[in-house]
Structure formats: C-alpha cells, structure tokens
Amino acid sequence: MLKDITFGQYFPSNSVVHKLDARVKLVLLVLQIVTIFICKNFVSLGIIALFTLVVLFFTKIPIKLYFKSIKVIIPIIIFTAILNVFYIKTGVVLLSFWKITIWSDGITKAIFMAARVLILILISSVLTYTTTPNDLTDGIERLLKPLKFIGLGQAVHTMSMMMTIALRFIPTLIEETDKIMSAQKARGADLESGGIVQKVKALLPILIPLLISSVRRAYELAEAMECRCYNGGKGRIRMKRLKMALKDYISVLLCVVVLGFIIVANNLF
Amino acid sequence: MDSIIKFNNVTFEYESEENTSKVLENFSLEIERGTFNVILGHNGSGKSTLAKLTNGLIKAKSGEVLVNGMSTMDEEKEIDIKRTVGLVFQNPDNQIVSSIVEEDVAFGPENLGLSPEESRERVDNALKATEMYEFRDKPTHKLSGGQKQRVAIAGIIAMEPECIVLDEPTAMLDPRGRKEVLNTILKLNKEKNITIILITHFMEEAENAHRVIVMNDGKVTADGKPCQVFAQTDVIKEAGLDLPQTTDLLSKLKEKGFSVSGGIISADECVKEVSKLLDLEEI
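Since the structure is predicted, the reported quantities are computational estimates derived from the model, not experimental observations.

(A) Region of the structure containing empty space enclosed by the protein. Scanning the model with the defined rule gives 7 cavities of 30 Å³ or more in all. By volume, the largest cavity amounts to about 90 Å³. Together, 11 residues line the largest cavity, and A:Gln9, A:Tyr10, A:Pro171, B:Ser99 and B:His141 are the ones closest to its centre. A per-element tally of the lining of the largest cavity places helix α7 (residues 153-186) of chain A first, with 3 residues. Here the residues of the lining of the largest cavity sort into 5 nonpolar, 5 polar and 1 charged. Of the voids in this model, the second largest cavity is the one considered here, and its volume is about 60 Å³. Along the walls of the second largest cavity sit A:Asn134, A:Asp135, A:Asp138, A:Arg238, A:Met239, A:Lys240, B:Glu103, B:Ala106 and B:Glu110, which together make up its complete lining. It is helix α6 (residues 133-143) of chain A that contributes the most residues to the lining of the second largest cavity, 3 residues altogether. Of the residues that constitute the lining of the second largest cavity, the class distribution is 2 nonpolar, 1 polar and 6 charged.

The following block contains the structure:
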C-alpha cells in the first residue's frame, strides 16, 4: 500500500524533458501553475490539459506511473468536489431532497476544480519524475542565489541540502513504516477497525518507533557526511553543471505561447 | 615499518551521568601502509570506537592518533586526515546522501572543491573499481544491500584515500552481498594498494588478511598472521568469537590426539589436512 507512493521519485529515461535544465523546469512549473489558475472556462482548461498530456507523452515515462501519483490524491479531490457541490447555490436546481439542494453551477464548478487539481498534480509529477533530486535542489539553489546579497547564502545551501536528503529518505522511510506496521500487526495491533479517533491512536505505536529510528539515522548520516569532508557547503563545486541549451529556450517559448492561448480563450468564450 | 595509522597510548571513555566507562585504555597500535588488516572482536570490545578514532570523528581523551604523522587533534589537518582515511559504516542506507548512484559518489569530490571534470573522472573510476558503473544512473533505493554498500565504498574511494576503515560493512547483508563487498575490498587492496582495516565479527572474512588483530575489552589479545592467530583457539573463544567451522574441526581433532596443524581457515586446506589423516588411518 505505502509502496504506491511515488511522490518525489525520479524515473531515469533519455527523453527531452529529462534533459531540460532543472532551473528552466522549475520556472516553467511555476508558470504552468499560474496558467492553470487563470483558466476561467472549460475551453482554456482543455487547452492546458491537452498541453499537459503532450508533455507527459514526451517524458517517455509509462502513463501507469502518473496514475499512481494521482491515486493517492483522489480522496482529497473527491472531498473538495463534494464541498463545492453543496456550497455553490447558483444556476438551476437539479435535485432537492430533505435539507439538501444541488444546483447546476455546483456540479460544473466541482468538475472544473477536480480537473484543475488533476492537471496540477500531473504537471508537478513531471518535474520530480524527470529531474534527479540533485539537479532539482541544485536548480533551486541557483535560482535563489541572488538571496546571498541579503546574507542568506548559507541558508539557501542548507535548505537545498535538506531537500536532497529528505527526497533521498522518502523511499527508505516508507519501507521502514511498512516494516514497523507489519511488526506491530504481528504483535496484535489493530490498525484498520474503529473510528477516526481510534485509528489515529493506533498510529502512535508506528510513529514513535519511526521517529526514534529516524533520529538514529540522522546521527549516522551526519557522521558519514563528515567522513566525506562535508563542511556545510563551503568551497563545494557541483560535478554536474546546469547549462541552458536551445531546447530550454524553445520550451520556455512553448509555455508562453500556451499561456497566450489561455488568455485568448478566457476572453473569447 | 612504514605505518599509515599510529595509536599512541590512546585512552577513550564514554561519559554518562552515572558513570564513565573506559572503552580503550593506553591503547597502542600501528597499521602498516598497503596491508589488509582485520580487527576481530565481539560487541562492546571497542572496535567501533577504534574506527571512529582513526579519522578524527571522535577524539582521544589522552594519547594521540597519528595519520601519516598528522595528529587527529590538529583541527587544521581535519580535512587532510579525512581525505587520507575513509570510513565505511555498517548500514549502507544511512551513508548514502543522494538518490542517484553517481550523484552520491560525487558527494565527496564535490565537497573537496574539485573541478567538475576531475569529479567526473573520479566518480567513474570509483564506480568501475566497485563494479557499480552500470548502475550509475539508477536510484539508490532500488539496489540490493550489497550493491548499496558498494556504492558507499565507491563514495569513499572517489576521495582517493590511502586507507579505508570499514566498520562491520557486511553485518546487515545476506551471504551474497557479503561476498560482493568482501571481494571489492580485497580487489581495492590488491589493485589500488589501499590500506584496509576491516572491522568485523565474521572470522571467515579474515582468511585473506595480512594481519589479524583480536580485541577484547579494549585490549589487543592476539595479533599476527591469520594462521598464527587462529591457532590460539582459547584466546579467540575468550574474546567471545566463534571459530570458523574449519578451524574448529581441526582444533577438536587435535584435542583428540590427531596430529593436524592448527590455524587453518580455508576449506580447501582443511580438506587436505583431513584427507591426510584419513590416508594415514588406511595404512
């Protein structure tokens, strides 16, 4: 069950998207998120959805993996959709029973929001699936480099190092959680039945061992890093240099064009 | 003797609120350059402490540890010492910094501030030396235990140390992973002439060593060539270690009055020795 979490993982391949500069991908992701949020109608949403699908296709990563990343988030999407259905009270009344009335605008809004979140998740997955964590954090570090002029250079490095390590340990900790859960089940722990309060209480015997082992791991990792001459990033030179190439400029151009289409579609329909 | 690491009357103790326990007391040891050394001892014999003392990860309470003549107490020499002596730990998961094999191996060279071209070369060489080159762009969490440990070793080799200290590197691995790691270590010693200090409680791993050191209670209780050390069965048992099955068999035969030579570890030699006995019986 927990093994299905693919968030923050990298899948090697030799696609164009993989080879794009991490900085460009980061900036484009922000641009895409903005684009998704300024979509006002289904036509503009359709354009961005189509564009997202094309990008997914170009990553050469099996579509199955993208479904995996969506699967985890589906309960949240359904929850927000239902809230929308109940809270919006404009348009035509479609259904009315007991104290509940469902309006047509509620349904369209719910579908619109759900689609928007789905596209958002998919396009964000593209970034983590196609960029190695080191490239990603390196990209963030370089994008935030101007912050050193206000004395935050060290903070930027520390943050990017923390991100690298966090991403590296996600699969390890997931595996460990699985093991602890099995161990507690073997001792008779009941993790499935009961109401919400009971379920949360049942999580405690899993979280505490996980926390303790994480702290122990942190100590050992710190020692191992020290043995490899890590001294807080002073004088550190990255092996892989990020370089902008023609394909980077082309992809920026493409995204800006898509943004243009969206603005036009927003005003036309 | 050209020694790379030298312990001079080192004392080390762990302090807690209730008591201080001395792990090492007036401990002296010299490790010769280019040799393959195995340190054997049960849990709590002070062998892990010894490992951490070799590159200044922890500092001696009194006495000194010298690496190529540099004292680990000298803070200016800290980086030089860590470049000379690399440490590999038990749990490979807790030593890997990055999610991708080659990026993890590059961590050391990057910290040293080497040029990207030189880092690249060192990473490629280190991965080839540990036979992990074909895995260079794979995610580290998809590897087996033995492969992860080899990545950890590659990460140390990429800093081109003169000496590698391995603290129970095979303890968490299955027999296959153990063999992979051990072969890698042997190869590094033979081909790159890197001094190896292998700390373990698996006696079998001492078979090919130049020198075996048995530790018990923070003291060296046996020291010498594998065959010399393994002939001292009582010292080994006292140190809380299990004799390799071959050595155990031969020493029991000896007790019963058969004339066999002691200190044999490898299965082949044991077979030879036993068949010699059987031939005699037949006559």
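(B) Highlighting the domain arrangement of chain B. All names here are of chain B. According to the domain assignment, chain B consists of domain 1 (3-226) and domain 2 (244-283). Each of domain 1 and domain 2 has a C-alpha centre, and these two points are 35 Å apart. Counting residues at the interface gives 4 residues for domain 1 and 4 residues for domain 2. Taken together, the two surfaces of domain 1 and domain 2 that pack against each other cover about 370 Å², and 75% of this comes from carbon and sulfur. When the buried area of domain 1 at its contact with domain 2 is split by residue, Met203, Glu207 and Pro226 rank highest and sum to 80% of it. Across the domain 1-domain 2 interface, the total number found is 0 salt bridges. Between the two partners, domain 1 and domain 2, sit 0 residue pairs in polar contact (both at pLDDT 80 or more). Of the residues belonging to the side of domain 1 that touches domain 2, the class tally is 2 nonpolar, no polar and 2 charged.

(C) Summary view of the pairing of strand β7 (residues 163-167) of chain B. All names here are of chain B. Among the 5 residues that make up β7, 5 are buried, leaving the element largely enclosed by the rest of the structure. Residues Cys163, Val165 and Asp167 line one face of β7 and the alternating positions Ile164 and Leu166 line the opposite face, and both faces are buried. Here strand β6 (residues 85-88) pairs with β7 via 4 bridges, running parallel. Within β7, the position partnered with Gly86 by the bridge is Ile164. Note: β7 against strand β8 (residues 195-200), 5 bridges, orientation parallel. Of the residues in β8, the one forming a bridge with Val165 is Ile197. Assessed by its sense of winding, the connection that carries the chain from β7 through helix α7 (residues 175-192) to β8 is right-handed.

(D) Representation of the pairing of β8(B) within the structure. Most of β8(B) sits out of view: 6 of its 6 residues are buried. Residues of β8(B) alternate between two faces, with B:Thr195, B:Ile197 and B:Ile199 on one and B:Ile196, B:Leu198 and B:Thr200 on the opposite face, all of them buried.

(E) Summary view of helix α5 (residues 116-129) of chain B. All names here are of chain B. For α5, which comprises 14 residues, the first-to-last C-alpha distance of 20 Å matches the rise-based estimate of 20 Å (1.5 Å per residue) to within 8%. Within α5, burial applies to Pro116, Ser119, Arg122, Val123, Asp124, Ala126, Leu127 and Ala129. Those residues of α5 hidden inside the fold are in contact with α2 (78-84), α3 (101-105), α4 (107-111), α6 (145-157) and α7. Phi turns positive one or two residues past the end of α5, at Glu131, with a value near 55°.

(F) Structural detail: the sheet that holds strand β5 (residues 70-71) of chain B. Residue and element names in this part refer to chain B. Taken together, 4 strands build an open sheet; the order of strands is β2-β1-β4-β5 and the sheet is antiparallel. The open sheet has two edge strands, β2 (20-32) and β5, and neither has a second partner. As defined by bridge partners, strand β1 (residues 3-15) adjoins strand β4 (residues 62-67) across 5 bridges and the pair is classed as antiparallel. The partner of Phe7 across the bridge, within β4, is Val65.

(G) Fine view of helix α9 (residues 246-268) of chain A. Residues and elements named next belong to chain A. Over its 23 residues, α9 extends 33 Å from the first C-alpha to the last, a length consistent with the 33 Å expected when each residue adds 1.5 Å. Taken together, the buried positions of α9 are occupied by Asp248, Ser251, Cys255, Val258, Leu259, Ile262, Ala265 and Asn266. If you follow the buried residues of α9, they end up packed against α2 (22-38) and α3 (42-58).

(H) Focus on the packing of aromatic side chains. Within this structure, the stated rule accounts for 7 aromatic pairs over all chains. For the pair A:Phe57 and A:Phe58, a centre-to-centre distance of 6.0 Å together with 75° between the ring planes defines the contact as edge-to-face. For A:Phe57, a relative accessible area of 66% corresponds to the exposed category. Between the aromatic rings of B:Phe7 and B:Phe27, the centroid separation amounts to 5.7 Å while the plane-to-plane angle is 85°, which identifies the pairing as edge-to-face. Taken together, the residues span a long stretch of sequence, with B:Phe7 in strand β1 and B:Phe27 in strand β2 at a distance of 20 residues. Since its relative accessible area comes to 3%, B:Phe27 is described here as buried. When the ring centre of B:Tyr133 is taken as reference, the NZ or CZ atom of B:Lys128 above it lies at 4.7 Å. Positioned over the ring face of B:Phe202 is B:Arg178, at 4.0 Å from the centre of the ring.

Criteria and cut-off values
- Residues numbered from 1 in each chain as written.
- Chains lettered and ligands numbered in written order.
- Predicted model: local features only at pLDDT ≥ 70, side-chain atom pairs only at ≥ 80, totals over all residues.
- Heavy atoms only, no water.
- 1 Å grid on protein atoms, 1.4 Å probe; cavity = no way out; pocket = protein on both sides within 12 Å on 5 of 7 lines; lining within 4 Å.
- Points joined across faces, edges and corners; volume = space filled by probe spheres on them.
- Helix = DSSP H or I, 4+ residues; strand = E, 2+ residues; numbered from the N terminus.
- Nonpolar A, V, L, I, M, F, W, Y, C, P; charged D, E, K, R; others polar.
- Domains from an automatic or database assignment.
- Contact = heavy atoms within 4.5 Å.
- Buried area = accessible area lost by both parts, 1.4 Å probe.
- Salt bridge = Lys/Arg side-chain N within 4 Å of Asp/Glu carboxyl O.
- Polar contact = N/O pair within 3.5 Å; in protein donor to acceptor, adjacent residues only side chain to side chain.
- Buried < 20%, exposed > 50% of the residue type's maximum accessible area, 1.4 Å probe, protein only.
- Pairing = 2+ DSSP bridges.
- Right-handed = clockwise from strand over helix to strand, strands pointing away.
- Expected span 1.5 Å × (residues − 1).
- Phe/Tyr/Trp six-rings, centres within 6.5 Å; stacked < 30°, edge-to-face > 60°.
- Lys NZ or Arg CZ within 6 Å of the ring centre and 35° of its normal.

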